[in-house]
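Topology and contacts: notes
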Amino acid sequence: MSNPTLIHHTINFVKQQLEGAEGGHDWFHIQRVYNNALNIAQGEACDLLIVQLGALLHDVADSKFYNGDETIGPRVAREFLESHSVNGQTIAHVIAIIENISFKGGNFEKKFSSIELDIVQDADRLDAIGAIGIARTFNYGGFKNRPIYDPGIAPELNLTKDQYKASAAPTINHFYEKLLLLKDRMNTATGRKIAEGRHRYMEGFLAQFYAEWEGEL
């Protein structure tokens, strides 16, 4: 069962925390993931409150903006939830979602499983693909001053977690190292269905990109 008052306070807290954040990881990213999660949750037997809190707090302090420190996000979320007297079981579940949601090179084994994690992870991954995913990818590449594309630098598949986090490869490589892999890693039927359309859109974009790069169009 949801808790409208707690959700209201959580939204305000996350907006405050992410004020001035990089455009692909700002409040609007959270809002889209939240809406995706609500959509997916309609077709699943789940604890809606945990889905809502997990979606809202999953990137409250993304480690990539804190020198790779993966403890900050869970700690900030825990302190917020404790300050609102959320029960310990719910807090533990939300923290587990935050700790296990990330792609991390695709070779990261989740240490926790639940339908709520599946839903929030799908919702987050949907925001990484399709038109929004393309926009976010190039926004972050610009933020990190990475080249758009370099034909001499091939994508690296099967990156370890540390290699993935340390990568400074051209932005186009990220499509092959993560984005195009997500369709087949969705957890829910709704997530898979939505991902298929967004995946096709990215394939079309890449075909157009290479044609323009070579001066064919």
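The following refers to the structure shown. (Residues numbered from 1 in each chain as written. Predicted model: local features only at pLDDT ≥ 70, side-chain atom pairs only at ≥ 80, totals over all residues. Heavy atoms only, no water.)

1. Let's talk about unusual backbone geometry
Worth spelling out the cut-off: Numbered from the N terminus, helices here are DSSP runs of H or I no shorter than four residues, and strands are runs of E no shorter than two.
Its identity as a non-glycine residue notwithstanding, Ser85 has a phi of 55 degrees, on the positive side. Assignment of secondary structure puts Ser85 in the loop between α4 (72-83) and α5 (88-100). One non-glycine residue, Asn145, adopts positive backbone phi at about 55 degrees. Turning to its location among the elements, Asn145 is positioned in the loop between α7 (130-143) and α8 (161-166).

2. As for the nonpolar core
So the rule is basically this: The term nonpolar core refers to a set of buried residues drawn from Ala, Val, Leu, Ile, Met, Phe, Trp, Tyr and Cys, joined through side-chain atoms within 4.5 Å. The buried label goes to any residue with under 20% of its type's maximum accessible area, the exposed label to any with over 50%, and the partly exposed label to all in between, with areas taken from a 1.4 Å probe on protein chains only. Contact between two residues is taken to exist if any of their heavy atoms lie within 4.5 Å; hydrogens are not considered.
Within the largest apolar cluster, 55 residues are counted, with the highest numbers of intra-cluster contacts made by Val14, Leu57, Leu81 and Phe175. Taken together, the elements giving at least two residues each to this core come down to α1 (4-17), α2 (27-41), α3 (48-57), α4, α5, α6 (115-126), α9 (171-177) and α10 (189-213). Contacts of Val14, omitting those with residues within four sequence positions, involve Trp27, Ile30, Leu56, Leu57 and Val60.

3. Remarks on α7
Rule in force here: Every helix has an expected span of 1.5 Å times one less than the residues it contains. The directions considered for the arc run from the helix axis to the C-beta atoms.
Under the 1.5 Å per step criterion, the end-to-end length of α7 is 20 Å for 14 residues, consistent within 8% with the ideal 20 Å. When we look at burial in α7, the residues that qualify are Gly130, Gly133, Ile134, Arg136, Thr137, Tyr140 and Gly141. Seen end-on, α7 carries its buried residues on one side only, within an arc spanning 165 degrees. The elements touched by buried residues of α7 are α2, α9 and α10. At the exit of α7 stands Asn145, carrying a positive phi of roughly 55 degrees.

4. Points about the pattern of salt bridges
Defined as follows: Any carboxyl oxygen of Asp or Glu within 4 Å of a side-chain nitrogen of Lys or Arg constitutes a salt bridge here.
One pass over the full model with this rule turns up three salt bridges. When the shortest N-O distance is used, the salt bridge between Arg32 and Asp127 registers 2.7 Å. Of the two residues, Arg32 sits in helix α2 while Asp127 sits in the loop between α6 and α7, which places them 95 residues apart along the sequence. The class of Arg32 is partly exposed, set by a relative accessible area of 24%. Asp127 is the partner of Arg136 in a salt bridge, and the nearest nitrogen-oxygen pair spans 3.6 Å. A single burial state applies to Arg136 and to Asp127, both of which are buried. Because the salt bridges share partners, they merge into one network encompassing Arg32, Asp127 and Arg136.

5. So, the packing of α1 against α2
We count it as follows: Only the stretch in contact is used when fitting a helix axis, every axis being a line fitted to C-alpha atoms; angles between N-to-C directions are given from 0 to 180 degrees. It is the rotation of the near helix from the far one that decides the hand of a crossing: anticlockwise by less than a right angle makes it left-handed, clockwise makes it right-handed. Residues are sorted three ways: Asp, Glu, Lys and Arg are charged, Ala, Val, Leu, Ile, Met, Phe, Trp, Tyr, Cys and Pro are nonpolar, and all the rest, Gly among them, are polar.
Following both chains from N to C, one finds α1 and α2 inclined at 145 degrees, their axes separated by 9 Å at the closest point. Here α1 runs over α2; the crossing is right-handed. Of α2, the residues touching α1 (which contributes Ile7, Ile11, Val14 and Lys15) are Trp27, Ile30 and Tyr34. When the residues that make up the contact of α1 with α2 are grouped by side-chain class, the tally is six nonpolar, no polar and one charged.

6. Describing the environment of Ala96
Turning to its location among the elements, Ala96 is positioned in helix α5. Sequence spacing of Ala96 and Gln163 is 67 residues, and the spatial spacing of their C-alpha atoms is 23 Å.

7. Here's the deal with the environment of Leu126
Among the structural elements, Leu126 can be located in helix α6. A relative accessible area of 1% means that Leu126 is categorised as buried. A sequence separation of 23 residues divides Leu126 from Phe103, and the C-alpha atoms of the two residues are 12 Å apart. With near-sequence residues (within four places) excluded, Leu126 lies in contact with Asn36, Ile40, Met186, Gly191, Ile194, Ala195 and Arg198.

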